[in-house]
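Structural overview for review
Okay, here's what each chain looks like letter by letter:
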Amino acid sequence: MNIRKILAALLALMMVLTMAASAEALTAWEEASGIYNGDETDEELYQKALEEGATVTLYSISSRCGKVADAFMAKYPGLECVPFDISTNELLEKVTREYDAGQHVADVVHIKDQDGSMYLEYVANGIFYNYKPTEILSHIDPSYTETATPLYIELTQLFYNTEAYPDGSPITNIWQLTEPEWKGRITMQNPLDNLSWGSWITGFCVGDEPDRLAAAYEELYGEALTLSPECENAGYEFLKRLHDNQPIYCASSDECAEAVGTPGQENPPVGFSASSKLRKAVDNGWVFAPVNLYPDTGIPAVNTLYIVEGCEHPAAAKLLVRFMMGGTDGDTSGYKPFNTLGGWPVRDDIEPAEGSVPYAELNVAGFDANEIYVNYNLVRDFWQMLG
Amino acid sequence: MKEQTRPYSRGRRLKNQIMSVITNPYNVIVLIAIILLVYLIVLPLFDMLSTTFKLAQRDLRAVPGGQAGEFTLYYWQRLLASKLSYSMLIKPLLNSLLIGFGVSVCAIALGSALAWLMVRSDLPFKPFFSLAVIIPYMIPSWVKSQAWLSIFKTPRIGGAPGFVSSMLTKMGVTNQAFLEPIAYGPVAIIIVLTLHYYAYTYLLVSAALNSVNSELEEMAEIKGAGKAMILRKITLPLVLPAMLSAVILTFSKAIGTFGTINYLGSPVDFRTLSSQLYSNSKSQNTQTAFAMAILMIAIASLSVFINQRLIGSRKSYATIGGKGGRSTLIGLGKWRPLITFILLIFFAVGIIMPVVILIIESCMLVEGTYSFSNFTLYYWIGAGNPDIMEGVPGIFRNSNFMLALTNSLKLTFVNGIAGTFFGQILGYMCAKGRGKFHGGLVEQLVFIPYLIPSVAFGGIYLSMFSKPQSIFGVQLVPALYGTFALLTVTSVVKHLPFASRAGTSNMMQISGELEEAAMIKGAGFFKRFIKIVFPLSKGGFISGFMLIFVSIMKELDLIILIMTPKTSTLPYLAFQYQNQNCPQASNCVAIVMFSIVFLVYALANIFGDADLAKSMAG
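What counts, and at which threshold
Residues numbered from 1 in each chain as written. Chains lettered and ligands numbered in written order. Predicted model: local features only at pLDDT ≥ 70, side-chain atom pairs only at ≥ 80, totals over all residues. pLDDT = per-residue confidence, 0-100. Contact = placed C-beta atoms within 7 Å. Helix = DSSP H or I, 4+ residues; strand = E, 2+ residues; numbered from the N terminus. Nonpolar A, V, L, I, M, F, W, Y, C, P; charged D, E, K, R; others polar. Buried ≥ 20, exposed ≤ 12 C-beta atoms within 10 Å, placed from the backbone. Core = buried A, V, L, I, M, F, W, Y, C linked by C-beta atoms within 7 Å. Domains from an automatic or database assignment. Pairing = 2+ DSSP bridges. Expected span 1.5 Å × (residues − 1). Bend = angle between axes of the 7 residues up to and from the residue.

Some details on the confidence of the model for chain A
Residues and elements named next belong to chain A. On average, residues of chain A score 90 in pLDDT, and 94% of them reach the 70 mark or higher. Counting interchain partners and residues more than four positions distant, the pLDDT-below-50 stretch residues 3–8 has 5 contacts. Ignoring residues within four places in sequence, the model shows residues 10–18, a span with pLDDT below 50, making 11 contacts including any to other chains.

Observations concerning the interface of chain B and chain A
Every contact between the two is made by 46 residues of chain B and, on the other side, 54 residues of chain A. Elements with a contribution of two residues or more to the side of chain B that touches chain A: helix H4 (85–120), helix H13 (259–265), helix H14 (273–282), helix H20 (454–466) and helix H26 (570–579) of chain B. For the side of chain B that touches chain A, the element with the highest residue contribution is H20 of chain B, accounting for 5 residues. Split into classes, the residues belonging to the side of chain B that touches chain A amount to 16 nonpolar, 21 polar and 9 charged.

So, unusual backbone geometry
Between Tyr-294 of chain A and the following residue, Pro-295 of chain A, the backbone shows a cis peptide bond with an omega angle of 0°. Relative to the elements of secondary structure, Pro-295 of chain A occurs in the loop between strand E10 (288–291) and strand E11 (301–308). Notably, Ala-54 of chain A is not glycine yet its phi reads approximately 55°, a positive angle. Its place among the elements puts Ala-54 of chain A in the loop between helix H4 (42–52) and strand E1 (55–60). The class for Ala-54 of chain A is partly exposed, based on 13 C-beta atoms found within 10 Å. In the Ramachandran plot, Gln-284 of chain B falls in the positive-phi region, its phi being about 65° despite a non-glycine side chain. Along the chain, Gln-284 of chain B turns up in the loop between H14 and helix H15 (286–312).

A look at the nonpolar core
If you look at soluble globular proteins, the nonpolar side chains tend to sit buried side by side. In this structure, Val-108, Ile-307 and Leu-320 of chain A together with Ala-293 and Val-589 of chain B are the most contacted members of the largest nonpolar core, which totals 269 residues. The residue makeup of this core includes at least three contributed by each of domain 1 (3–153 + 301–356) and domain 2 (156–299 + 375–386) of chain A. Non-local contacts of Ile-307 of chain A, meaning those with residues more than four positions away in its chain, are made with Ile-35, Asp-107, Val-108, Tyr-129, Tyr-131, Pro-314, Ala-317, Lys-318 and Val-321 of chain A.

A word on the sheet that holds E10 of chain A
Residue and element names in this part refer to chain A. The strand order across the open sheet built from 5 strands is E8-E7-E9-E6-E10, with neighbouring strands paired in mixed fashion. The two strands at the open ends of the sheet, each matched to only one other strand, are strand E8 (248–249) and E10. With 2 bridges connecting them, strand E7 (residues 186–188) and E8 associate as parallel partners. Residue pairing across strands places Thr-187 opposite Ile-248, the latter belonging to E8.

Topic: helix H2 (residues 25–51) of chain B
An α-helix turns once per 3.6 residues; consequently, residues spaced three or four apart project the same way. All names here are of chain B. If you check H2, its first and last C-alpha atoms are 38 Å apart, about what 27 residues at 1.5 Å a residue would give, namely 39 Å. Where H2 bends most, at Val-38, the angle is about 35°. The set of residues buried in H2 consists of Val-30, Leu-37, Leu-40, Ile-41, Pro-44, Leu-45 and Met-48.

Some thoughts on the confidence of the model for chain B
Keep in mind that low pLDDT regions are not for reading the predicted coordinates in detail. Residue and element names in this part refer to chain B. Averaged over chain B, the pLDDT score is 81; the fraction of residues at 70 or greater is 92%. At the level of individual helices and strands, chain B shows its lowest average pLDDT in helix H27 (residues 583–617), which scores 71, and its highest in H4, which scores 93. Taken as a whole, residues 610–618 scores under 50 in pLDDT and shows 8 contacts with residues more than four places along the chain or in a different chain. In the predicted complex, the global pTM is 0.84; the interface-specific ipTM is 0.84.

In structure tokens:
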């Protein structure tokens, strides 16, 4: 129906290739916005932002975007920041529909690239741009910035009830979850239910993760893992055995955390939940702690910022991205709302929240946007086949 | 056939026929309505359908050598004829049908019984009951699901056990496996959904019963018929159209719902077509989700078709005649105290309790701590304390809340009235065109939006109306992006099924004689509609309005795509508070929403009834 969209899609692969070369002629908007220029200073951008309309609209999957907007307006008087808190699915639907209709509403988008599709579909097709402020990126591990403008990292972690297990987690190796003792006693969300859980199970089946899982199995039981006929590698085998152990699906991540963390339970389950639930623990009186699972806790979920193609306030958008990433002048008030328990900064010059385990000490699988993207549907179908 | 002498020439006859069709405003309105419905409903549906045949870029990885946008059978083949079909489609479909039939049977029985008791019997405390009976529909179904869990939840799935389970544990019963099928799965889902959807039956059937002249029943009584026989042979057939309308609404809604199934089905991995649809949609498998939605629309269309057959094949019973009617109440006799007692318990447990729980929870400083020191009104009227809710003031001191309140009120009233008005006109067409092609067509068309998933519906409308709409270079509709008009169009069309169902069952009861009499007297179509049809259909108008009003008040998915960051509504605010881990404030917003709906309903009930009685008496 939309010729532009179809053409863009047809050219997708080609564009990925040419982007690497980056010798292409710039579009009018790329030229005018200077989207590839990461060297402007905050002050220059502030002045430009005031001239171009003095406003910027942020679509975000985090409720904390309201605080960011307030801090931004306090720091840059005269600029208005309009935050819109909306969940992943609706955000993508809204932003693509608006984009296709030529309604340039959102300037900046904050979302997670969990299955690699943000990069391989949106960035590659020139709908979203990864703005790269040089000075800030110098403080971030390049592996994160290859396919993203990263904001902070969240994890899917295993939690246990500290009241029932005062001596520490009853589980340390991920394969213990497949033992009969934990049958029907693991809470998680159904990986079929959304993109993040679907991507998370995919992470176990790609890259060097199957090898790490196989090694962990051997370490625990002293014998090599035998694969079932339908399982191509140790990752699939783990998923199959986890599924056979009848995990209890929760309606939401909050429910998973509550199931594990409610005090006074005689025989509480263990459960996977978003690490961000840690910051709710004190408020809700939950008694739980995350496990530093061996070999790892699966892939990380990297929160990422994008600037939308054709947006009318590119300078303000850049300024907002810089501000949210923690800025360059030592004032990190734009990043502060995100720096909480269960979220880890990507910058080496920003300390994680008080009480956080340093990210370097956590066992996390590698994230390769391409690998996840290519295998996502295969693994999701595999889980669907299991029942 | 025998050759007849024709006083007029063929040509003249044809000309007269055409003239009478064109000059009859009814025909013109039907034509306009069908064109509009095709544009507003068939086009989006076609858009969805064509999407399921177009290869998405994200599925290039699954289809080697494919190109994005090209024609493909990949999605349908995968859904209907692959090794995934059983777990992805067949099993969930059977579960959906189980829920659909279960809820329909229970809700129709419960709703009709309540409607009969409330309208026709001499039940005491009627004003109280008739207000209470509609509350369950106003409470979001997730609140009821949580209330259900807080009673029946078992320790197996972790968290705090439910009330029953903790009692059993105190009594020393450790094996509580028998509680599982009650706590989760189909039985629990059917009960909770029944408590939600019986309101459709209640509203439609009670409106129909209200217009039944009790002389009909009395005549039968004089002839010696027993109460059961009168009910079976007279009352029931008269309200059958309303009941069948309710069956369709209930059945389709029950197979389309997601929240309750997610809450009560997930722990035992009970999935329906609607949960599959949501999962696929949230996993960005838009095409598969659309294909599932289309299958659900097909199932629902089938039920509408069957309904048309059922009503079409029997005689029509017009109950609103020209004569004044009386309504004599039927004595419940010795059953009266028992029925009253059962109803009181039912309302206390099923209706008052969830509301009370909601109110208590909105006044708890920390969730789950039941002590007096934990009581607070901060979330209602707090001035902004940095230690609570990250410094956001209570809702009544929050400018965002006031903005959302204004927006919501505007949206619900404008759309409720507009939707009901169009619904009644369409209902009139369905009723008058019954058995004819145009009646059947309108009835089917109007029903489609009901089952298009809200997010998809909103998305398609956003695309359609973001650009000016023109035909042959003539601009018909300007770009509506970000306007209130777009919100109105979307919500009205999405809720037409409610309004037109209410309209149809209502209009079917109005005897054609009344209009014919006016026509003989020379009254035109508009005059007849305004002076006769509309006044007589007030009861149905009000129930139609309530159905839409409540539904739009709760709507989030549909309008979240269409609203701009500055036009937030109450459900959006509740969603935001929930996201900010502040369920108390979210509960406050839910209570405000509930109060508005309740107030409007109470007013409609009081003034609506008074008016209705007056117009009937005259």
